[in-house]
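Here is how the chains run, residue by residue.
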Amino acid sequence: MAKALVIGGHGTIGQAVVAKLREQGINVITAGRTSGDYKFDMTDPASIATLFAEIGELDHVVVAAGATHYAALPELKPEDNLTSVNGKLLGQVNTVLIGQHRLNAKGSFTLVSGILKDYPIARGASSSMVNGAIDAFVHAAAFELPRGIRLNSVSPTVLTESAEKYADYFKGFDPVPADKVANAFVRSVLGIETGRTYYVYG
Ligand SMILES: NC(=O)c1ccc[n+]([C@@H]2O[C@H](COP(=O)([O-])OP(=O)(O)OC[C@H]3O[C@@H](n4cnc5c(N)ncnc54)[C@H](OP(=O)(O)O)[C@@H]3O)[C@@H](O)[C@H]2O)c1
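Residues numbered from 1 in each chain as written. Predicted model: local features only at pLDDT ≥ 70, side-chain atom pairs only at ≥ 80, totals over all residues.

## Overview of the pairing of strand S6 (residues 150-156)
Counting buried positions along S6 gives seven out of seven residues, so the element sits mostly inside the fold. Because side chains alternate across S6, one face comprises the buried residues Arg150, Asn152, Val154 and Pro156, and the other comprises Leu151, Ser153 and Ser155, equally buried. Two strands pair when backbone bridges link them, and strand S5 (residues 108-112) and S6 are joined in this way by five bridges, in the parallel orientation. Among the inter-strand pairings, leucine 111 is bridged to a residue of S6, identified as serine 153. Pairing between S6 and strand S7 (residues 197-200): four bridges, direction parallel. Paired with serine 155 across the bridge in S7 is tyrosine 199. (Buried ≥ 20, exposed ≤ 12 C-beta atoms within 10 Å, placed from the backbone. Helix = DSSP H or I, 4+ residues; strand = E, 2+ residues; numbered from the N terminus. Pairing = 2+ DSSP bridges.)

Take a look at the structure:
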């Protein structure tokens, strides 16, 4: 049975991905800072390395985690921006850099970016920046991964489950249910494509 790690598997997107992968007969384990089968911090490369060493044999990695900083541009400080870079961008990139040496042949990585890359909102420049970088990394790095390992990203719009929380930010956006976003992750994990971003924009 294939084994998949879902980072952020207890979050809004992660829970839906875990459920869908289990429906497909995948052995799913989860990791988070305070939740999941394994506790680690994606912003710390040493912690990522320890996580992969502890897990051992693994076929697929899904990331459904990563914080970004929302602020109006005049108030956006260089140090605030590092929250987005370290939390969402480098956390995911480092998961691939470290995990590529651990995954079984023909395994996969699926990262998460987001709609702000293509449709900006007020206070979202830092988030737009890292989402674009994540997808650009995926489009390039996928072609250099060893042993047939694939790499894709999912770029969702705001989720129905998160719409209230982000109501002040995503005015006029059509939310999509977590179930639909999770399907894009399943396509990435179980499909044959690599270097691709799956857009779930409603
Ligand atoms: N929700 C949306 O509408 C939406 C739309 C587009 C894109 N996205 C993106 O999708 C990702 C997940 O969003 P979400 O709404 O599902 O988030 P969420 O509900 O807050 O869940 C995030 C999950 O990630 C884990 N996590 C966070 N930081 C971590 C770290 N440094 N190391 C390890 N685990 C960490 C959390 O576990 P612990 O609490 O245990 O650490 C939690 O399980 C984010 O990158 C977000 O930008 C979300």
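## Looking at the site of the ligand
Residues in contact with the ligand amount to 28 residues; listed here are only the nearest, Gly8, Gly11, Gly32, Arg33 and Ala65. Residue contributions to the shell around the ligand peak at three residues, all from helix H1 (residues 12-23). (Near = placed C-beta within 6 Å.)

## Regarding helix H4 (residues 125-141)
Over its 17 residues, H4 extends 24 Å from the first C-alpha to the last, a length consistent with the 24 Å expected when each residue adds 1.5 Å. For H4, the elements touching its buried residues are helix H3 (78-99), S5, S6 and S7. (Expected span 1.5 Å × (residues − 1). Contact = placed C-beta atoms within 7 Å.)

## Thoughts on the nonpolar core
Ranked by size, the top nonpolar core spans 45 residues in total, and within it Val6, Ile7, Val17, Val62, Ala64 and Val181 carry the most contacts. Top element by residues in this core is helix H5 (residues 178-190). It accounts for seven residues. Look past the residues within four positions of valine 6 in its chain and what remains in contact with it is Gly14, Val17, Val18, Val28, Thr30, Val62 and Ala64. (Core = buried A, V, L, I, M, F, W, Y, C linked by C-beta atoms within 7 Å.)

## Section: the packing of H1 against H5
H5 packs onto H1 with a crossing angle of 55° between their chain directions and a minimal axis gap of 8 Å. Between H1 and H5, the angle falls in the class oblique. The interaxial crossing formed by H1 with H5 has right-handed handedness. Between H1 and H5, the residues in contact are Thr12, Ile13, Ala16, Val17, Lys20 and Leu21 and Ala178, Asp179, Val181, Ala182, Asn183, Phe185, Val186 and Val189, respectively. Class assignment for the residues of the contact of H1 with H5 results in 10 nonpolar, two polar and two charged. (Axes fitted to C-alpha atoms, helices over the stretch in contact; angles between N-to-C directions. Parallel < 35°, antiparallel > 145°, perpendicular 65-115°, else oblique. Left-handed = near helix turned anticlockwise from the far one by under 90°. Nonpolar A, V, L, I, M, F, W, Y, C, P; charged D, E, K, R; others polar.)

## Here's the deal with the pairing of S5
Judged by how many residues are buried, S5 sits mostly within the fold: five of five residues are covered. The side-chain alternation of S5 yields two buried faces, one formed by Ser108, Thr110 and Val112 and the other by Phe109 and Leu111. The sheet contact formed by strand S4 (residues 60-63) and S5 spans three bridges and is parallel. The partner of valine 62 across the bridge, within S5, is threonine 110. The parallel pair S4 and S5, bridged by H3, forms a crossover whose chirality is right-handed. In terms of handedness, the path from S5 via H4 over to S6 forms a crossover that is right-handed. (Right-handed = clockwise from strand over helix to strand, strands pointing away.)

The values are spatial; any link to function lies outside them.
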